[in-house]
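Report on the structure
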Amino acid sequence: MAGRVEGKVAFITGAARGQGRSHAVRLAQEGADIIAVDICKQVRENMVIPTATSDDLAMTADLVKETGRRIVTAEVDVRDFDALKAAVDSGVEQLGRLDIVVANAGIGNGGDTLDKTSEEDWQEMIDINLSGIWKSVKAAVPHVIAGGNGGSIILTSSVGGLKAYPQTGAYIAAKHGVVGLARLFAVELGQHSIRVNSIHPTNVNTPMFMNEGTMKMFRPDLENPGPDDMAIVAKLMHVLPIGWVEPEDISNAVLFLASDESRYITGLPMTVDAGSMLK
């Protein structure tokens, strides 16, 4: 079944690589035009996990164009509401409407217990992974309401938004908060036939997970662990015998929530977790 979001426009944050890029391409394959934003620079100099670049966002644009769909891009920090609003306003002006919002941008960190987490790390995480979600939706919602056709908003949380993992306290707090945002937005926007759901991936094969810092976190017993070393431990998190899923697995769930196939689903925390929540 093709064309599941034919003629619609989707606004996606964190779209330069990883899950965000995958979501942009998947929705474009099914007929949507895309407004894609990403920070495209380091959040701060000493970030353990490098963030996306301008070249990454350009690659996303090329991949979307290869599907035959249109795309508008902007380099935006989700902490900056005015910049987000300007990007969405410009995108809607060029593409004509807005139907789907995928608030996906986020960072990962960890290593310290919550009582030893620095105020800088805490505030940065909340500002990007929680407030950034709120600001992204806030910037986009007026256009979805104005369209008068209803819509779908998908907020990227995590299995860490439904249960706790040690040494990731700020991340866990932010991702739990995203569930609350989804539920509140669902209640408040339902009158406009706008559905709001959160999505909760387990480990995903993206740069945010597949990096030296994460591998050492999973395998502190090894000096230079690699993916195969990490997989041994990562499989213990799941019921299905895998250590992680692929970005496309999350994108297929996003597509379902964006399409009319889920027209009466709202306020749902949807897991794509290989059974992680059963452990």
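Every chain begins its residue count from 1, and numbering advances along the sequence as written. In view of the model being predicted, local features appear only for residues whose pLDDT reaches at least 70, and side-chain atom pairs are presented and counted only at 80 or more, with totals across whole chains, interfaces and linings using the full set of residues. Heavy atoms throughout the structure, all of them, feed into the side-chain values; hydrogens and water do not.

The name given to the protein chain in an unreviewed UniProt entry is Mycofactocin-coupled SDR family oxidoreductase, with Rhodococcus gannanensis as the source organism.

1. A look at the overall build of the protein chain
Each helix and strand in the protein chain was counted, giving eight helices and seven strands. We compute the radius of gyration over the C-alpha atoms and compare it with the globule rule, which gives 2.2 Å times the number of residues raised to the power 0.38. Rg of the C-alpha trace for the protein chain: 18 Å, near the compact-globule value of 19 Å for 279 residues, within the 12% margin. Principal-axis analysis of the C-alpha atoms places the extent of the protein chain at approximately 55 × 35 × 35 Å. Any residue under 20% of the maximum accessible area for its type is buried, any over 50% is exposed, and the rest in between are partly exposed; the area is computed with a 1.4 Å probe on protein chains only. When the 279 residues of the protein chain are sorted by exposure, 53% land in the buried category. Summarising the internal contacts of the protein chain: among those between residues at least 6 apart in sequence, 72% fall at separations of at least 24. Here the open area of atoms and residues is found with the Shrake-Rupley method and a 1.4 Å probe, where only the protein chains shown may cover a residue. When the accessible surface of the protein chain is totalled, it reaches about 12400 Å², and 53% of it is carbon and sulfur. Each charge class in the protein chain was averaged separately, 25 positive and 35 negative side chains, and the resulting centres sit 6 Å apart. Elements are defined by DSSP. Helices are runs of H or I of four residues or more, strands are runs of E of two residues or more, and each kind is numbered from the N terminus. Two residues qualify as a contact provided that any one of their heavy atoms is within 4.5 Å of a heavy atom in the partner residue. The positive count covers Lys and Arg only, the negative count covers Asp and Glu only, and His and the chain ends enter neither. By convention, the point assigned to a charge is CZ for Arg, NZ for Lys, CD for Glu and CG for Asp.

2. Some points on the packing of helix H1 (residues 18-29) against helix H8 (residues 247-258)
Remark: H1 packs on H8, axes separated minimally by 9 Å, with the N-to-C direction vectors making an angle of 50°. With respect to their mutual orientation, H1 and H8 come out oblique. Between H1 and H8 the crossing geometry is right-handed. On H8, the residues touching Gly18, Gln19, Ser22, His23, Arg26 and Leu27 of H1 are Pro247, Glu248, Ile250, Ser251, Asn252, Val254, Leu255 and Ala258. Gly is placed with the polar residues, together with every amino acid not listed as nonpolar (Ala, Val, Leu, Ile, Met, Phe, Trp, Tyr, Cys and Pro) or charged (Asp, Glu, Lys and Arg). Classifying every residue of the contact of H1 with H8 by side-chain character gives six nonpolar, six polar and two charged. The angle between two axes is taken between their N-to-C directions and runs from 0 to 180 degrees, where each axis is a line fitted to C-alpha atoms and a helix contributes only its stretch in contact. By the definition adopted for this analysis, an angle is roughly parallel if under 35 degrees, roughly antiparallel if over 145, roughly perpendicular if from 65 to 115, and oblique otherwise. Rotating anticlockwise by less than a right angle from the far helix to the near helix defines a left-handed crossing, while the corresponding clockwise rotation defines a right-handed one.

3. Some words on the packing of aromatic side chains
Put simply, two rings from Phe, Tyr or Trp (the six-membered ring, in Trp's case) pair if the centres are within 6.5 Å, and we call them stacked under 30 degrees between planes, edge-to-face over 60, tilted for the rest. With the rule as written, the count across this model stands at two aromatic pairs. Their ring planes at 90° and their centres at 5.7 Å tell us that Phe209 and Phe218 sit as a pair that is edge-to-face. On the basis of relative accessibility, which here comes to 18%, the residue Phe218 falls in the buried class. Three or more aromatic residues joined by ring pairs make a cluster, and in this case those are Phe209, Phe218 and Trp244. Our definition puts a charge over a ring when NZ of Lys or CZ of Arg is within 6 Å of the ring centre and also within 35 degrees of the ring normal. Over the aromatic face of Phe81 sits the side chain of Lys138, whose NZ or CZ is 5.4 Å from the ring centroid.

4. Some words on helix H7 (residues 227-234)
Within H7, burial applies to Met230, Ala231 and Ala234. Taken down its axis, H7 places every buried residue within 110° of arc, on the same side. Turned more than 90 degrees from where H7 packs its buried face, Asp228 and Ile232 sit exposed. Looking at the packing, one finds that the buried side of H7 touches helix H6 (212-218). By construction, the arc corresponds to the directions joining the helix axis to the C-beta atoms.

5. Thoughts on the nonpolar core
Formed by 44 residues in total, the largest nonpolar core has its most connected members in Phe11, Leu98, Ile153, Leu155 and Val196. When residues of this core are traced back to their parent elements, those giving at least two are strand E1 (9-13), strand E2 (33-38), helix H3 (81-95), strand E4 (100-103), helix H4 (119-147), strand E5 (151-156), helix H5 (169-189) and strand E6 (194-201). Ignoring sequence-local partners within four residues, the contact set of Val196 consists of Ile153, Leu155, Ala182, Phe185, Ala186, Leu189, Thr266, Gly267 and Leu268. In terms of nonpolar packing, the next biggest core, distinct from the first, is built from 32 residues, Val5, Ala28, Ile71 and Val245 among them. We call a set of buried residues a nonpolar core when its members are Ala, Val, Leu, Ile, Met, Phe, Trp, Tyr or Cys and they connect through side-chain atoms within 4.5 Å of each other.

6. Overview of the layout of surface pockets
Regions of empty space are outlined by a rolling probe, equal in size to a water molecule, passed over the atoms. Put simply, the second largest pocket is a space of about 210 Å³. Lining the second largest pocket are 13 residues, and of these Asn149, Gly150, Gly151, Ser193 and Asp260 lie nearest its centre. Cavity means a closed set of points on a 1 Å grid over the protein atoms alone, one where a 1.4 Å probe fits but cannot get out, pocket means an open set with protein on both sides within 12 Å along at least 5 of 7 lines, and lining means a residue has an atom within 4 Å of a point. Grid points are joined across faces, edges and corners, and a volume is the space filled by probe spheres set on the points.

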